[in-house]
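Per-entry structural report
One-letter residues, chain by chain:
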Amino acid sequence: MKPVIEITSTDIEEFKGVSKKTGNDYHIRNQTAYFFSGGAKYPTPMKLTLNDGQSAYAPGKYHLADNSISVDRNGRLSLYNLALVPVPAAAAASPAKSA
């Protein structure tokens with residue numbers, strides 16, 4: 001079973017400023033989500049970083065898009081360009097099962 005990420009709100013936290021290290025402006029937009037992994041009793045709260053101009057994800061259950069997972073140049077599993085795809089309605093309605 002694929003891990004599930006649940007969004008419960010479209011609220012976005014925004015952080016803007018100027019980097020003390022580089023002097024460049026930054027703008028970070030995060031949305032709160034909950035990560036359900038196989039066998040865990042409760043979900044783990046997490047932050048999704050949204051791209052510039054990207055709308056907040058609508059409330060619902062999601063899987064990671066296949067192209068969000070890759071192997072980096074050091075041979076390590078990596079999340080890159082994180083994107084979510086909605087869980088089909090029938091699967092979202094059934095309770096999560098332990099692996």
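Note that the coordinates shown come from a computational prediction; the quantities given were computed from them, not determined experimentally.

**Topic: the overall build of the protein chain**
- Looking only at helices and strands, one finds 1 helix and 8 strands in the protein chain.
- The helix and strand sequence of the protein chain, counted from the amino end, reads β-β-β-β-β-β-β-β-α.
- Burial statistics for the protein chain: of 99 residues in total, 16% are counted as buried.
- Considering only contacts within the protein chain whose residues lie at least 6 apart along the sequence, 46% involve residues at least 24 apart.
- Carbon and sulfur atoms make up 54% of the accessible area of the protein chain, which amounts to about 7,400 Å² in all.

**Describing the pattern of salt bridges**
- A full pass over the atoms with the stated rule returns 2 salt bridges.
- Ionic pairing is found between Asp66 and Lys2, a salt bridge with its closest N-O pair at 3.8 Å. Taken together, the residues span a long stretch of sequence, with Asp66 in the loop between β5 (60–64) and β6 (69–71) and Lys2 in the segment before β1 (4–7) at a distance of 64 residues.
- The exposure class of Asp66 is exposed, given its relative accessible area of 64%.
- Ionic pairing is found between Lys47 and Glu13, a salt bridge with its closest N-O pair at 2.8 Å. Residue Lys47 is found in strand β4 (residues 44–50), and its partner Glu13 is found in strand β2 (residues 13–18); the two are separated by 34 residues along the sequence.
- Note on Lys47: relative accessible area 45%, which makes it partly exposed.
- With a relative accessible area of 34%, Glu13 lands in the partly exposed category.

**Notes on the nonpolar core**
- Within the largest apolar cluster, 8 residues are counted, these being Ile5, Ile7, Ala33, Leu48, Leu50, Tyr57, Tyr62 and Leu84.
- Where this core is concerned, the elements lending two or more residues are β1 and β4.

How each quantity is defined
Residues numbered from 1 in each chain as written. Predicted model: local features only at pLDDT ≥ 70, side-chain atom pairs only at ≥ 80, totals over all residues. Heavy atoms only, no water. Helix = DSSP H or I, 4+ residues; strand = E, 2+ residues; numbered from the N terminus. Buried < 20%, exposed > 50% of the residue type's maximum accessible area, 1.4 Å probe, protein only. Contact = heavy atoms within 4.5 Å. Areas by Shrake-Rupley, 256 points an atom, 1.4 Å probe, with all protein chains shown as cover. Salt bridge = Lys/Arg side-chain N within 4 Å of Asp/Glu carboxyl O. Core = buried A, V, L, I, M, F, W, Y, C linked by side-chain atoms within 4.5 Å.

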